Amino acid sequence: MTSPEDLKKYVRDVPDYPQKGIIFRDITPLLGEKTIFREVVELMSRAWSANPPDLVAAIEARGFIPGAAIAVKLGAGFVPIRKTGKLPWMTVMESYELEYGTDQLEVHSDAVQPGQKVLIVDDVLATGGTASAAVRLMRKLGADVVGVQVLIELGYLEGRQRLQDVKLVSEIVY
Ligand code: AMP
C-alpha cells in the first residue's frame, strides 16, 4: 500500500482557487492513475468492510467518484446527496453555514429506510460543515449513520470538531 505521504504526490495543490487564500486539493491526478485510484478505494473501504453499511451516501460532486466505487466494494447501495434543485423526486433538505450565508443539501425522501446503516463519503473534509449537514440529513430519514469516510482531511480547519458524535476516517491529513 502507498503511504499517506506518497499519496500526497497525486493530490495537486492549487493556490487561490476558487478564491484567494484557499489551497484547493485537486484529486484528479490521483483518479487518473489506475493503481492509485484502486488503492484509494480499497483504503477508503477498509474501516467498514467487517460491518458493511446497507448504503453509501456520497456528497455532490467529487464525493460521488470514490463513493460509488466504495459502495460496489462493500456490497452496498448508493445514495446521491445533492445541492438544492437537482433531484427530480420528493426531497428532504438540510441547511448549513458557509463563510458568507448558508447552503443546502438534499436527498430523496425515500432514499433511506429507517434503521438502515449508512456510510457518508466525501473527497475533502474542510470545516466539516458539509459532512455534518449530511449526517443530520441522513438522521432525518431515520438512518443509522455508521460513519463518515473522506479521502482528505484538512486538519488545520478542525472540521473533526463538528463530527464528534460519529466515527470519522480520513486517509490523507494536511
Ligand atoms: P466543508 O464543508 O468546509 O468541510 O467543505 C467540504 C466540501 O467542500 C467538500 O465537499 C469538498 O469537496 C469541498 N472543499 C472544501 N475545501 C476544499 C479544498 N481546500 N479543496 C478541495 N475541496 C474542498
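Data block above holds the structure.
The structure contained in this document is the topic of the report that follows. None of the values given here were measured: they were computed from a predicted structure.

1. Quick word on the site of the ligand
Here's step 1: D122, D123, T127, G128 and T130 are the nearest of the 14 residues found near the ligand.
Here's step 2: In the environment of the ligand, an oxygen atom lies 2.7 Å from a nitrogen or oxygen atom belonging to the side chain of D123.
Here's step 3: The contact in question runs from an oxygen atom of the ligand to an N or O atom on the backbone of G129, over 3.4 Å.
Here's step 4: Relative to its unbound accessible area of 480 Å², the ligand is 82% covered by the protein chains.
Here's step 5: Of all elements in the fold, only β2 (23-26), β7 (117-125) and α5 (129-140) reach the threshold of two or more residues within the shell around the ligand.
Here's step 6: With four residues, β7 is the single largest residue contributor to the shell around the ligand.
Here's step 7: Along the lines of polarity and charge, the residues of the shell around the ligand split into six nonpolar, four polar and four charged.

2. Thoughts on the pattern of salt bridges
Here's step 1: Within the structure shown, the criterion is met by 13 salt bridges.
Here's step 2: Ionic pairing is found between E5 and K8, a salt bridge with its closest N-O pair at 3.3 Å.
Here's step 3: Of the charged contacts, one joins K20 and D16 as a salt bridge, the two residues approaching to 3.9 Å between their closest N and O atoms.
Here's step 4: For D16, a relative accessible area of 42% puts it in the partly exposed group.

3. Some thoughts on the sheet that holds strand β5 (residues 91-97)
Here's step 1: Overall, mixed pairing links the seven strands, which are arranged β5-β6-β4-β3-β7-β8-β9 in an open sheet. Sheet topology places β5 and β9 (168-173) at the edges, where each strand pairs with a single neighbour. The average angle at which neighbouring strand axes cross in this sheet is 20°, direction not considered.
Here's step 2: Strand contacts of helix α4 (residues 64-74): β3 (55-59), β4 (77-83) and β7, with the helix running at about 165° to β4, the strand carrying the most contacts.
Here's step 3: Packing against the sheet, α5 makes contact with β3, β4, β5, β6 (102-108), β7 and β8 (144-153), and its axis sits at approximately 150° to β5.

Criteria and cut-off values
- Residues numbered from 1 in each chain as written.
- Predicted model: local features only at pLDDT ≥ 70, side-chain atom pairs only at ≥ 80, totals over all residues.
- Heavy atoms only, no water.
- Near = heavy atom within 4 Å.
- Polar contact = N/O pair within 3.5 Å; in protein donor to acceptor, adjacent residues only side chain to side chain.
- Areas by Shrake-Rupley, 256 points an atom, 1.4 Å probe, with all protein chains shown as cover.
- Helix = DSSP H or I, 4+ residues; strand = E, 2+ residues; numbered from the N terminus.
- Nonpolar A, V, L, I, M, F, W, Y, C, P; charged D, E, K, R; others polar.
- Salt bridge = Lys/Arg side-chain N within 4 Å of Asp/Glu carboxyl O.
- Buried < 20%, exposed > 50% of the residue type's maximum accessible area, 1.4 Å probe, protein only.
- Pairing = 2+ DSSP bridges.
- Axes fitted to C-alpha atoms, helices over the stretch in contact; angles between N-to-C directions.
- Contact = heavy atoms within 4.5 Å.

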